[in-house]
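Structure at a glance
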Amino acid sequence: MTRAPVPRVAVGGWLHETHTFATVPTTLALFQAQCCVAGDAVPAHLGGSATGIGGMIDGARARGWSLHGTLYAAAMPGGMITTDARRTMHDALLAHLAAAMPLDGVLLALHGAAVAEDSQHPEYDLLLRVRSIVGAGVPIVVEFDMHGNISPDIVAACDLLVAYDTNPHDDAYDRGLECAALLERLMAGQIRPTMAHVAPPLMLAPQATGTADLPLRAVHAAVADFERHPAVLAISVFAGFAYADTPWTGTSIVVCTDDQPELAQRLASRLATLLLAQRDAAHIAQLPADVAVRQALLQPTGPVILVDSADNIGGGTPGDGTDALRAMLDADVTRGTIVLADPAAVARCQQAGLGASVTLTVGGAVDRWHGAPQLVTGVVCHLGDGRFTCERRDHHFASLYGADVSMGPTAWLRVRGINIVLTTVKTPPMDLAQLRSVGIVPEEQHMIVVKSAVAYRAAYLPIAAAVIEMDTAGLCSANLARFPYRYARRMGPSGQDSLVSAPTP
Ligand SMILES: [Zn+2]
């Protein structure tokens, strides 16, 4: 009896969530600084890691496959991927793939919301080139982030796809293991995957894509039920990434069955209907900044926390958005506090000196997305190095940066009754020591603006008299109608109907 040959499997990945409205491009250097490995270094570095490709590698090793690393690169969400970056990484991945031929299977980890300067659909282009190298008979199994904007072309370009089921994404590794298990059955000829793809006319703001919350919680409850059907191989629910402007931006459902196309189509349609029925739950209730400030003024005691989630520093924004400041200035607020990252304004305050009166513009300097620079006249109340030690030790900020934080040279400028803390380094509002370190007592404020979506809560909720979510300008706005879409056709509850140029089937 002859032993079956050991399957030869290639593994790789390329992940980026592209904010096409962001003005700073994502370069090859950014990928290289964060994660970019090739060849044997792919399994060596990523095997055992909690990533999707880590699950793929461990699943392949457990089966004793001959594993061939291609390229694995990932970068934090940001602006368009440069042409040079896309070409260099894709060419490297494909060269390693070609060198590994002949292959019996391919495992890839992709995001699904990548956009490059020279390609609106770079992941599809990559899959086509992978197919042209490995040929029609070699199965390609792909794991996607559930924030992927999935087109019918993408579905057709792979034999089987699996998305994360959770947001926050804590099942990427498990889904990678699942990809390896499905590839094993595919290579053995035990299954004949057929996929149905339905794209409901709905885009979700990122704030509405948590899987523990509606609308997605309701869809996943049904998925768990449907996946018990013996012919169902995988069900993927894509929330999409609304800030990547493409014709296929938005939610989608992909159901994969073992050779039962009608079942796949029926289940995908039912899940899409379920998602649409919950669309109102995806609405993010926010007030315009001036209305929010007026409401805060009605609150007899403070501090009222004004949430400026459109300028969510943790989401990659500059932290210099001025909408909330302008609203506080217009309302002549006393005991209002805001932190702006603005190195040039810090330098102006340093030149003027402690106690001096200075007229200058603050904020709105990095791009045109975060409100106009504000001309103010105020008194410099504090100048310092911006260092502080977190009061709280149990939160993400401390685990990420350590307990000692530096905002860089920092100034406190007092403009009538409003405290503007100007920092050199943008710093998320995760600890009250940030304000105390410059001399501001947070508990004595009537209102405090926080540039954060969720991360402010641990520090600020314990002292908050009220919390008001604002609809301000910024690249992380939940109000999708603020973005000048050119390609996306499906708008959600926070979008505007006029942008729906054609319903997606
Ligand atoms: Zn994601």
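The rules behind these values
- Residues numbered from 1 in each chain as written.
- Predicted model: local features only at pLDDT ≥ 70, side-chain atom pairs only at ≥ 80, totals over all residues.
- Helix = DSSP H or I, 4+ residues; strand = E, 2+ residues; numbered from the N terminus.
- Buried ≥ 20, exposed ≤ 12 C-beta atoms within 10 Å, placed from the backbone.
- Pairing = 2+ DSSP bridges.
- Core = buried A, V, L, I, M, F, W, Y, C linked by C-beta atoms within 7 Å.
- Domains from an automatic or database assignment.
- Contact = placed C-beta atoms within 7 Å.
- Axes fitted to C-alpha atoms, helices over the stretch in contact; angles between N-to-C directions.
- Expected span 1.5 Å × (residues − 1).
- Nonpolar A, V, L, I, M, F, W, Y, C, P; charged D, E, K, R; others polar.

**Thoughts on the overall build of the chain**
- Scanning the chain from terminus to terminus reveals 15 helices and 20 strands.
- Across its three principal directions, the C-alpha atoms of the chain cover 90 × 45 × 40 Å.

**A word on the pairing of strand E3 (residues 66–74)**
- Burial runs high along E3: seven of the nine residues are buried.
- When strand E1 (residues 8–15) meets E3, the two strands line up parallel, connected through seven bridges. Looking across to E3, one finds that Leu15 is bridged to Ala74.
- Pairing analysis gives four bridges linking strand E2 (residues 35–38) to E3, with the strands arranged antiparallel. In the sheet register, Ala38 faces E3, and the bridge partner there is Leu71.

**Quick notes on the nonpolar core**
- Ranked by internal contacts, the top residues of the largest apolar core, which has 103 residues, are Val11, Leu107, Val141, Val237, Val255 and Ala268.
- Residue contributions to this core peak at eight residues, all from helix H7 (residues 172–187).
- In terms of domain composition, this core takes at least three residues from each of domain 1 (8–191) and domain 2 (193–284 + 479–505).
- Not counting residues up to four positions away in its chain, the partners in contact with Val237 are Met146, Ala163, Leu216, Val219, His220, Val223, Ile253 and Leu271.
- Core analysis: the next-biggest nonpolar cluster, separate from the first, contains 52 residues, Val339, Val421, Leu422 and Leu432 among them.

**Some details on the sheet that holds strand E9 (residues 252–258)**
- Here we have three strands laid out as an open sheet, ordered E7-E9-E8, and antiparallel in their pairing. Strand pairing shows two members of the sheet lacking a second neighbour, strand E7 (193–198) and strand E8 (232–238), which therefore form its edges. If you compare each strand with its neighbour and ignore which way they point, the axes differ by 10° on average.
- Examined bridge by bridge, E7 and E9 share six bridges and lie antiparallel to one another. Looking at the pairing, Met195 lines up with Cys256 of E9.
- In the packing of helix H9 (residues 261–277) onto the sheet, the strands contacted are E7, E8 and E9, and the crossing angle to E7 comes to about 30°.

**Some words on H7**
- With 16 residues, H7 extends 23 Å between its outermost C-alpha atoms, agreeing within 8% with the 22 Å of an ideal straight helix rising 1.5 Å per residue.
- Within H7, 12 of the 16 residues are buried, leaving the element largely enclosed by the surrounding structure.
- All of the buried residues in H7 are Ala172, Tyr173, Arg175, Gly176, Leu177, Glu178, Cys179, Ala180, Leu182, Leu183, Glu184 and Leu186.
- On its buried face, H7 is in contact with helix H3 (52–62), strand E4 (105–110), strand E5 (140–144), strand E6 (160–163), E7 and E8.

**Here we look at the sheet that holds strand E10 (residues 287–288)**
- Spatially, the nine strands line up as an open sheet ordered E10-E20-E11-E19-E12-E18-E17-E14-E13, and their pairing is mixed. The open sheet has two free edges, formed respectively by E10 and strand E13 (357–362), since each of these has just one partner strand.
- With two bridges connecting them, E10 and strand E20 (residues 466–471) associate as parallel partners. From the neighbouring strand, Pro288 faces E20, where its bridge partner is Asp471.

**Here's the deal with helix H11 (residues 323–330)**
- In terms of burial, H11 is largely enclosed, as six of its eight residues are buried.
- Among all positions of H11, only Asp323, Ala324, Leu325, Ala327, Met328 and Leu329 are buried.
- Phi turns positive, to about 55°, at Asp332, one or two residues after H11.

**Focus on the domain arrangement of the chain**
- The assigned domain composition of the chain is domain 1 (8–191), domain 2 (193–284 + 479–505) and domain 3 (287–477).
- Taken together, the elements giving at least two residues each to the side of domain 1 that touches domain 2 come down to helix H6 (152–157), E6 and H7.
- The greatest single-element share of the side of domain 1 that touches domain 2, amounting to four residues, is contributed by E6.
- Partitioned by chemical class, the residues of the side of domain 1 that touches domain 2 number 14 nonpolar, 11 polar and three charged.

**Considerations on the environment of Gly52**
- Structurally, Gly52 is set in helix H3.
- The spacing of Gly52 and Asp170 is 118 residues in sequence and 9.9 Å in space, taken between C-alpha atoms.
- Non-local contacts of Gly52, meaning those with residues more than four positions away in its chain, are made with Ala109, Glu143, Ala172, Tyr173, Arg175 and Gly176.

**Some words on unusual backbone geometry**
- Backbone torsion omega between Met101 and Pro102 reads 0°, so that peptide bond is classified as cis.
- Residue Leu214 is joined to Pro215 through a cis peptide bond whose omega torsion reads 5°.
- Mapped onto the elements of the fold, Pro215 is located in the loop between E7 and helix H8 (216–226).
- Of note in this structure, Asp259 is not a glycine but carries a positive phi near 60°.
- Looking at where Asp259 falls in the secondary structure, it is placed in the loop between E9 and H9.

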